[in-house]
Amino acid sequence: MAERIVPVISLKDFDKRKEEIISQLLNAAENAGFFTLVDHGISKEEIEAQFAISKAFFDLPAEDKAKTPHNPKTNNGWEYKAQLRASTGIYDQKESLWLQRNSDWPSDGDVPQFRESTSQFMSKCAGISDQVLSCFAIALGFGEDYFRTANDPNQADCLTQLRLIHYPASENAVGTWRAGSHTDIGCLTLLFQRDGEYGLEICPGRESHSSFASGDVFTPLPAETGPIVVNIGDMLMAWSDDRLKSNYHRVRAKEVGKSPSRYSIAYFNQARRDILLQGPLKKYPPMTVGEWFAQSVARNFSQQAAIKV
Ligand SMILES: O=C(O)CCC(=O)C(=O)O
Ligand SMILES: [Fe+2]
């Protein structure tokens, strides 16, 4: 079932196959809003190495993790079971570390190689994002570099973040959520999972980025080390006049029995604060990415201190 609604798309020979890849990406984005990338250029070993770095961080004593505290104003840093979901009214059962290029990072003394490995990993994620975003830019009738420039992580006003996530093992998790149902607020999310650490489910069918009614039929996705699960976020849905779909997803643990811990890594392309966002058909009034975030955060996280962007 999951295979049917979430296409697997190969980036092999990207330049030679670009036309074909554009049509596959567009078809996936206009329907499921999710697709799985293979032959993307990050090896399984590199992904495992980044998960090892992530695990080494989460294995630290809380007082060491708290040296990089979550800052509600920037949304960077380490949080522990602190994300209150509007959709569930309860806190997600997870801990996570949000990183931006210029935010505070854990020291290499606490996690050897953290900065170098994680920076390289982010650069690789940026390269893959560039390829996918260039395809969407062409498909929507923008210039090829349009979204690439808008999401350039080397610019000081870029809001893109990497999030390392750890869902602790649980038993009989009835009444709780690892990650309550939500849509992502940025442009494009690259999600890395590990073999057998299941729990991610998606619910296609959203028609407008400004409608927040979720359906109730969720489909589980496979969990594999290697393929990257990619989804469209609300910002790109708005930027495409609702053509590319930002769909609901969630992560759950078993209601009966044991669920092993799950680690995931998400790279959120969240564009540059000062860029103007408007679709080719001008269906919605223009706004800056900074205004977009202020609005999305006010809606999603009204329970928490406003995030300053
Ligand atoms: O951990 C996962 O698989 C999903 C995480 C997610 O959806 C998010 O952080 O937005
Ligand atoms: Fe998400």
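Everything numeric here is computed off the predicted structure, so don't read it as measured data.

Basis of the calculations
- Sequence positions are assigned chain by chain, starting from 1 and proceeding in written order.
- Whichever chain is written first is A, and whichever ligand is written first is 1; the rest continue in order.
- This being a predicted model, a pLDDT of at least 70 is required before a residue's local features are given, and a value of 80 or more before pairs of side-chain atoms are given or counted; all residues contribute to the totals for chains, interfaces and linings.
- Side-chain numbers here rest on the full set of heavy atoms in the structure, without hydrogens or water.
- Relative accessibility decides the category of a residue: with a 1.4 Å probe and only protein chains considered, values under 20% of the type maximum give buried, values over 50% give exposed, and everything between is partly exposed.
- A helix here means a DSSP run of H or I that spans at least four residues, while a strand means a run of E at least two residues long, and both kinds are numbered starting from the N terminus.
- The pairing criterion for strands is at least two bridges between them, as found by DSSP.
- Between two residues, a contact is recorded if the distance between any of their heavy atoms is within 4.5 Å.
- One speaks of a salt bridge when a side-chain nitrogen belonging to Lys or Arg is within 4 Å of a carboxyl oxygen belonging to Asp or Glu.
- Only buried Ala, Val, Leu, Ile, Met, Phe, Trp, Tyr and Cys residues count toward a nonpolar core, and they belong to the same one when joined by side-chain atoms within 4.5 Å.
- What pLDDT conveys is the predictor's confidence in a given residue, as a value from 0 to 100.
- Helix span, expected: 1.5 Å multiplied by one less than the number of residues in the helix.
- Throughout, the arc means that of the directions going from the helix axis to the C-beta atoms.
- UniProt positions are given in the numbering used here, feature names are shortened, and annotations may be inferred rather than shown by experiment.
- Here a donor is an N, O or S atom found within 2.8 Å of the metal, or within 3.2 Å if the metal is Na, K or Ca; sites may look incomplete because water is not among the atoms.
- Only a single heavy atom is needed: when it lies within 4 Å of a molecule or strand, its residue is near that molecule or strand.
- As used in this structure description, the phrase polar contact means that two N or O atoms lie within 3.5 Å; if the pair is within protein, one of them must be able to donate a hydrogen and the other to accept it, and residues adjacent in sequence are counted only when both atoms belong to side chains.
- Only the protein chains shown count as cover for residues, and the accessible areas themselves come from Shrake-Rupley with a 1.4 Å probe.
- Residues are sorted three ways: Asp, Glu, Lys and Arg are charged, Ala, Val, Leu, Ile, Met, Phe, Trp, Tyr, Cys and Pro are nonpolar, and all the rest, Gly among them, are polar.

Brief notes about the pairing of strand 12 (residues 248-251)
Residue alternation in strand 12 divides its side chains into two sets, Tyr248 and Arg250 and His249 and Val251, and both sets are buried. Sheet topology note: the strand 9 (residues 200-203)/strand 12 ladder contains 4 bridges and is antiparallel. Bridge pairing links Ile202 to His249 in strand 12.

Things to note about the side chain of Thr118
Residue position: Thr118 is located in helix 5 (residues 114-140). What makes Thr118 buried here is its relative accessible area of 0%. Apart from the residues lying within four places of it in its own chain, the contact partners of Thr118 are Gln50, Ile53, Leu99, Trp105, Gln113 and Leu162.

Topic: the pattern of salt bridges
Going through the model one piece at a time under the given rule, you end up with 21 salt bridges. Here Glu79 and Arg163 are joined by a salt bridge, their closest N and O atoms 3.4 Å apart. Here Glu79, found in strand 3 (residues 77-80), pairs with Arg163, found in strand 5 (residues 161-167); they are 84 residues apart in sequence, far enough to count as distant. With a relative accessible area of 5%, Arg163 lands in the buried category. A single salt-bridge network, built from bridges that share partners, covers Asp64, Lys67 and Asp110.

Remarks on the nonpolar core
A general trend in soluble globular proteins is that nonpolar side chains are found buried together. One finds Leu37, Phe136, Leu188, Phe192, Leu236 and Trp239 to be the most contacted residues of the largest nonpolar core, which totals 65 residues. Not counting chain neighbours up to four residues away, the residues in contact with Leu188 comprise Ser129, Val132, Leu133, Phe136, Val230, Asn231, Ile232, Gly233, Leu236, Tyr267, Phe268 and Asn269. In this structure, Val6, Phe34, Ala179 and Val251 belong to the second largest nonpolar core, which totals 15 residues.

Side note on the confidence of the model for the chain
Overall, the predicted model of the chain reaches an average pLDDT of 93, with 95% of residues at or above 70. In the predicted complex, the global pTM is 0.96; the interface-specific ipTM is 0.99.

Some details on helix 2 (residues 18-30)
Counted at 1.5 Å a residue, the expected span for helix 2 with its 13 residues is 18 Å, and the 18 Å between its end C-alpha atoms agrees. Residues Lys18, Ile21, Ile22, Leu25, Leu26, Ala28 and Ala29 constitute the buried set of helix 2. The buried side chains of helix 2 occupy one side of the element, clustering within an arc of 165° when seen end-on. On its buried face, helix 2 sits against strand 1 (8-10), strand 2 (34-38), helix 5 and strand 11 (228-232).

Concerning the UniProt feature "domain: Fe2OG dioxygenase" (unreviewed entry) in the chain
If you check UniProt for "domain: Fe2OG dioxygenase" (unreviewed entry), the listed places come out as residues 158-271 in our numbering. Split by type, residues 158-271 is 5% helix and 38% strand. Its first and last C-alpha atoms lie 6 Å apart.

Some words on the coordination of the iron ion (ligand 2)
The expected angle between donors at a tetrahedral four-coordinate metal is 109.5 degrees. At an octahedral six-coordinate metal it is 90 or 180 degrees. In the first shell of the iron ion (ligand 2), the protein supplies His182 (NE2), Asp184 (OD) and His249 (NE2), at 2.1 to 2.2 Å from the metal. All donors to the iron ion (ligand 2) come from one chain, and their sequence spacing reads H-x1-D-x64-H. One end of the pair, Asp184, is in the loop between strand 7 (179-182) and strand 8 (188-192); the other, His249, is in strand 12, and 65 residues separate them in sequence. Assessed through its relative accessible area of 6%, Asp184 is described here as buried. Of the residues examined, His249 reaches a relative accessible area of 6% and is grouped as buried.

Here's the deal with helix 5
Across its 27 residues, helix 5 extends 38 Å between first and last C-alpha, which sits within 8% of the 39 Å expected from 1.5 Å per residue. Looking one or two places after helix 5, you find Gly141, whose phi comes out positive at around 90°.

Regarding the site of ligand 1
Surrounding ligand 1, one finds Arg163, Ile165, Tyr167, His182, Asp184, Leu191, Leu200, His249, Val251, Arg262, Ser264 and Phe268. Asp184 places a side-chain nitrogen or oxygen 3.1 Å from an oxygen atom of ligand 1. The contact in question runs from an oxygen atom of ligand 1 to an N or O atom on the side chain of Arg262, over 2.3 Å. In isolation ligand 1 has 300 Å² of accessible area, and contact with the protein removes 95% of it. Of all the secondary-structure elements, those providing two or more residues to the shell around ligand 1 are strand 5, strand 12 and strand 14 (262-269). A per-class count over the shell around ligand 1 returns 6 nonpolar, 3 polar and 3 charged.

Describing the sheet that holds strand 9
The strand order across the open sheet built from 4 strands is 7-12-9-10, with neighbouring strands paired in antiparallel fashion. Taken across any chain shown, the strands that pair with only one partner, and hence form the sheet edges, are strand 7 and strand 10 (219-220).

With respect to the side chain of Ser103
Mapped onto the elements of the fold, Ser103 is located in the loop between strand 4 (95-99) and helix 5. In this structure Ser103 comes out as buried when scored by relative accessible area, which is 13%. Among the polar contacts listed, one links the side chain of Ser103 to the backbone nitrogen of Gln100, at a separation of 2.9 Å.

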